[in-house]
Amino acid sequence: MRIGVMVGPERGDSARKVSRMLADIDWAESAGLDSAWIPQIPNDFDALLAVALMGMRTHRIELGTAVVPLQAQHPIALARQALSVHAATGGRLVLGVGPSHHWIIDDMLGIAYRRPAAYTRDYLEVLAAAFANPGPVDVQNATFRVHNPLDLGPVAPLPVLIAALGPVMLTIAGERADGTVLWMADERAVAEHVRPRIIKAADNAGRPAPRIVAGIPVCLCAAGEVDAARERANRILGEAEVSPNYQRLLGYGDANDVGDICAAGDEDAILARFRRFADAGVTDLSVRLLPIGDDREELVASKRRTRELIAELATELR
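What this report covers is the structure whose coordinates are included nearby.

Thresholds, definitions, all that
- Residues numbered from 1 in each chain as written.
- Predicted model: local features only at pLDDT ≥ 70, side-chain atom pairs only at ≥ 80, totals over all residues.
- Heavy atoms only, no water.
- Helix = DSSP H or I, 4+ residues; strand = E, 2+ residues; numbered from the N terminus.
- Expected span 1.5 Å × (residues − 1).
- Buried < 20%, exposed > 50% of the residue type's maximum accessible area, 1.4 Å probe, protein only.
- Contact = heavy atoms within 4.5 Å.
- Salt bridge = Lys/Arg side-chain N within 4 Å of Asp/Glu carboxyl O.
- Axes fitted to C-alpha atoms, helices over the stretch in contact; angles between N-to-C directions.
- Parallel < 35°, antiparallel > 145°, perpendicular 65-115°, else oblique.
- Left-handed = near helix turned anticlockwise from the far one by under 90°.
- Nonpolar A, V, L, I, M, F, W, Y, C, P; charged D, E, K, R; others polar.
- Core = buried A, V, L, I, M, F, W, Y, C linked by side-chain atoms within 4.5 Å.
- Phe/Tyr/Trp six-rings, centres within 6.5 Å; stacked < 30°, edge-to-face > 60°.

On to helix α5 (residues 116-132), then. For α5, spanning 17 residues, the distance from its first C-alpha to its last is 24 Å, which sits close to the expected 24 Å at 1.5 Å a residue. Buried within α5 we find A117, A118, Y119, T120, D122, Y123, L124, V126, L127, A130 and F131. Against the buried residues of α5 lie α3 (75-88), β5 (93-98), β6 (137-140), β7 (145-148), β8 (160-162) and α6 (167-176).

Structural data, given as structure tokens:
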């Protein structure tokens, strides 16, 4: 199992976001991590632009988006942007995309959130044509009528991962993409819901075994601090409260909330949790560092300790 880390703009002063993200990716590459996953936060920095910046700063680490909402832009616009970033990073982009959630697409953007799975399938058809080779992109389906010249071509194979939570989306991810990017999926949800469906779909389509990227919060802490870590995860990462998609995914596993999915405790506890995810079929972990503390100094120290452990485990589990 490969170990990666989430690198995002978080909150705070806009002027400091770039330097903070670049410092984080410097650490991730020097620590030997396999990948970094950049979230597209609805009200913050553009994820693909962040990948381009990080790519110019690094040489080896894989850089993925987790994930870009599809409805926010036409597939040709996204293809052009992704191919440009892929070239800028020397072929290290993994394009993670998804149909997002009603509270982003409908409530924030004012776009009808209807038939997201069918929309995703049609969108992927355009992306596949655009990523095949330089030349005209000619696709007509129920959603798109595209006849667009495109002189850009991929400098290397450009993997596409889908945020697939339900059965239909997992089938689409297996049939038409290179895997899935998950959030709010515990070990049982992966082993009994995600993996069997996406593997079967990929097999039926004659595609290679798909990647299963699971995002989880991680906090290295004393046994007596585990409850505090889980409470903090629920407080700052509790999207399940507003997303029926995540609520349904939680129903396939044993976790009630993101705090239950958090890997918190000492070194042995976190290693054991990582191994359970690997045994469930996860190919890549995307670690969301979760520092705890009562002030900035304690939070910084907590983050540093957790990062050091993640670097050690990345080597051990590879």
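Now that the structure has been shown, the text picks up again.
On inspection of all chains with the given rule, the structure shows 17 salt bridges. Notably, a salt bridge pairs D24 with R307, separated by 3.5 Å at the nearest N-O pair. Of this pair, D24 sits in helix α1 (residues 14-30) while R307 sits in helix α12 (residues 296-317), and the two are 283 residues apart along the sequence. The exposure class assigned to D24 is buried, which follows from its relative accessible area of 14%.

It is worth spelling out the environment of P116 at this point. With respect to the helices and strands, the residue P116 is situated in helix α5. Counting along the chain gives 39 residues from P116 to V155, while the straight-line C-alpha distance between them is 30 Å.

To continue, consider the environment of G135. Secondary-structure assignment places G135 in the loop between α5 and β6. Spatially, the C-alpha atom of G135 lies 7.8 Å from that of L152, the residues being 17 residues apart in sequence. Not counting chain neighbours up to four residues away, the residues in contact with G135 comprise N148, P149 and L150.

Okay, the packing of α6 against helix α7 (residues 187-204) next. Relative orientation of the contacting elements α6 and α7 amounts to 45°, with a least axis distance of 7 Å. If you check the angle between α6 and α7, you find them oblique. Judged by the sense of rotation from one axis to the other, the crossing of α6 with α7 is right-handed. Contacts from P167, L170, T171, A173, G174 and E175 of α6 reach α7 at H193, V194, R197, I198, A201 and A202. Residues that form the contact of α6 with α7 fall into these classes: 7 nonpolar, 3 polar and 2 charged.

With 99 residues, the main nonpolar core has I3, M54, L95, F131, I162, F274 and L285 as its most contacted residues. Here the element with the most residues in this core is α5; it accounts for 8 residues. For F274, the residues in contact, after removing those within four places along its chain, are M1, I3, I216, V218, A263, L285, V287, I310, L313 and L317. Listed in part, the 6 residues of the second largest apolar core include W37, V67, V181 and V213.

Attention now moves to unusual backbone geometry. Excluding glycine, residues mostly carry a negative phi; peptide bonds, for their part, are mostly trans. Residue V67 is reached from A66 by a cis peptide bond, and omega for that bond is -5°. Here V67 lies in the loop between β3 (62-65) and β4 (68-69). One non-glycine residue with positive phi stands out, namely R115, at about 45°. Mapped onto the elements of the fold, R115 is located in the loop between α4 (102-105) and α5.

The description of an aromatic ring pair rests on the distance of the ring centres and on the angle between the ring planes. For the coordinates displayed, the defined rule picks out 3 aromatic pairs. On the basis of an interplanar angle of 50° and a centroid distance of 5.8 Å, the ring pair of Y119 and Y123 is categorised as tilted. With a gap of 4 residues between them, Y119 and Y123 both fall in helix α5, about one helical turn apart. Each member of the pair Y119 and Y123 is classed as buried. Both rings, one in Y123 and one in F144, keep their centres 5.7 Å apart while their planes meet at 85°; by these two values the pair is edge-to-face. Of the two residues, Y123 is situated in helix α5 and F144 in the loop between β6 and β7; the sequence distance between them amounts to 21 residues. Each of the two residues, Y123 as well as F144, counts as buried. Aromatic rings pair up to connect Y119, Y123 and F144 into one cluster.

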